[in-house]
Amino acid sequence: MSRPDRGTRAMHQALPPALRDAVDDFAEHLSRVRNRSAHTVRAYVTDLVSLLDHAVRMGCVDLAELDLSVLRSWLARQRTTGAARTSLARRAASARAFSAWAHRAGLLPADVGAALASPRAHRELPTVLRADQAAALVEAPARRAPHTDPPGEPGAGAAAEAVPLRDRVLLELLYATGVRVSEACGLDVGDVDHGRRVIRVFGKGGRERSVPYGVPAQRALDDWLRRGRPAMVGGRSGDALLLGARGGRLNPTTARQIVGAYAETAGLPRTSPHDLRHSAATHLLEGGADLRAVQELLGHSSLASTQIYTHVSVERLRAAYRQAHPRA
């Protein structure tokens, strides 16, 4: 089982053996069959352990006794303890996923979670940089003084001059392609098709897609592969495209620190890699890109996830109208 936090581990160990085994089997199913990330598996396990702990407190000693009233009671308790609507929606989804799996596995006589409703999560509009702000951010590494410590990393000695080249590639790829930070850090050298200017990305659930990038990103890649990566490569590098200070694959946490530090240096609002993804999607739509094409580029399984960016564009248009029109 993916390692949850200490409190969840203690609750997991306190469950009756049959329920504990069900948690472990479900986690195995998510990891090996559904190919979910370790982070996703941890989230599901945390929710499930909380649910089953609540069920035991209500007198359920066998998984077959789990019913809709227990699921609803669990969510109600979460609500009274102050859980946000987004958290409640996620926990309800976890309960439904477990219920469906347990029914297929013969552990539940019926899929009791199928009738479980959840509050509609309120979705705030994502943070989006203006095009000039995004340009200032991706160009910030070129303005960094040589031999200074890279944001989020210790000094790297002789490799220090290579770090701005690595940072420029990271920022260019995040904005040019709209990939997730984990996808960018997961890229191998062989995933870059220089001739077609396309990268091969493995997204959520291991789904593969091809994403194009532009000329500025190509220049940054050429500089990094010719002058930067050879200076940082080491025994732990393998085929990783982006490397950390010690030669291993760049960690997403470090990548987030790099983006945030350069945004601060450029005088921009607090910015994350996901904000660059939001910005890329919004700028594509504002430039006339088809919504379905943007969905494919971002790797969204549902068009509903991509439609949030149409709302962003409309809100930006309304803001410009209110500011500029004399009768707004």
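Summary of the structure given here. All figures in this text were calculated on a predicted structure; none of them were measured in a lab. (Residues numbered from 1 in each chain as written. Predicted model: local features only at pLDDT ≥ 70, side-chain atom pairs only at ≥ 80, totals over all residues. Heavy atoms only, no water.)

1. Description of helix α7 (residues 163-177)
Stage number 1. Taking 1.5 Å of rise per residue, 15 residues should cover 21 Å, and α7 covers 21 Å from first to last C-alpha, within 8% of that figure.
Stage number 2. Burial analysis of α7 places twelve of its 15 residues in the buried class, the great majority of the element.
Stage number 3. Every buried residue of α7 is listed here: Val163, Pro164, Leu165, Arg166, Asp167, Val169, Leu170, Leu171, Glu172, Leu173, Leu174 and Thr177.
Stage number 4. Positive phi appears at Gly178, one or two residues downstream of α7, with a value of about 70°. (Helix = DSSP H or I, 4+ residues; strand = E, 2+ residues; numbered from the N terminus. Expected span 1.5 Å × (residues − 1). Buried < 20%, exposed > 50% of the residue type's maximum accessible area, 1.4 Å probe, protein only.)

2. Quick look at helix α3 (residues 38-57)
Stage number 1. With 20 residues, α3 extends 28 Å between its outermost C-alpha atoms, agreeing within 8% with the 28 Å of an ideal straight helix rising 1.5 Å per residue.
Stage number 2. Once α3 finishes, Gly59 follows within two positions and takes phi at roughly 100°, a positive value.

3. Describing the sheet that holds strand β3 (residues 208-212)
Stage number 1. Strand order in the open sheet formed by three strands is β1-β2-β3, and the pairing between neighbours is antiparallel. The open sheet has two edge strands with one neighbour each: β1 (192-193) and β3.
Stage number 2. Pairing of β1 with strand β2 (residues 198-202), which is carried by two bridges, proceeds in the antiparallel orientation. Within β2, the position partnered with Asp193 by the bridge is Val198. (Pairing = 2+ DSSP bridges.)

4. Looking at the pattern of salt bridges
Stage number 1. For the structure on display, the rule yields 13 salt bridges.
Stage number 2. A salt bridge links Arg168 to Glu172; the shortest N-O distance between them is 3.0 Å. Of this pair, Arg168 and Glu172 both sit in helix α7, four residues apart, roughly one helical turn.
Stage number 3. Of the charged contacts, one joins Arg226 and Asp223 as a salt bridge, the two residues approaching to 2.9 Å between their closest N and O atoms. Residue Arg226 and its partner Asp223 are both found in helix α9 (residues 215-232); the two are separated by three residues, about one turn of the helix.
Stage number 4. Judged by relative accessible area, Asp223 falls into the partly exposed class, the value being 25%.
Stage number 5. When salt bridges with common partners are traced through the structure, they connect Asp47, Arg90 and Arg91 into a single cluster. (Salt bridge = Lys/Arg side-chain N within 4 Å of Asp/Glu carboxyl O.)

5. What to know about the packing of helix α2 (residues 17-33) against α3
Stage number 1. Close contact between α2 and α3 brings their axes to 10 Å; oriented N to C, the two are set at 160°. With respect to α3, the element α2 is oriented roughly antiparallel. Crossing geometry of α2 relative to α3 is assigned as right-handed. Where α2 approaches α3, its residues Leu19, Val23, Phe26, Ala27, Leu30 and Ser31 are matched on the opposing element by Val41, Tyr44, Val45, Leu48, Val49, Leu52 and Val56. (Axes fitted to C-alpha atoms, helices over the stretch in contact; angles between N-to-C directions. Parallel < 35°, antiparallel > 145°, perpendicular 65-115°, else oblique. Left-handed = near helix turned anticlockwise from the far one by under 90°. Contact = heavy atoms within 4.5 Å.)

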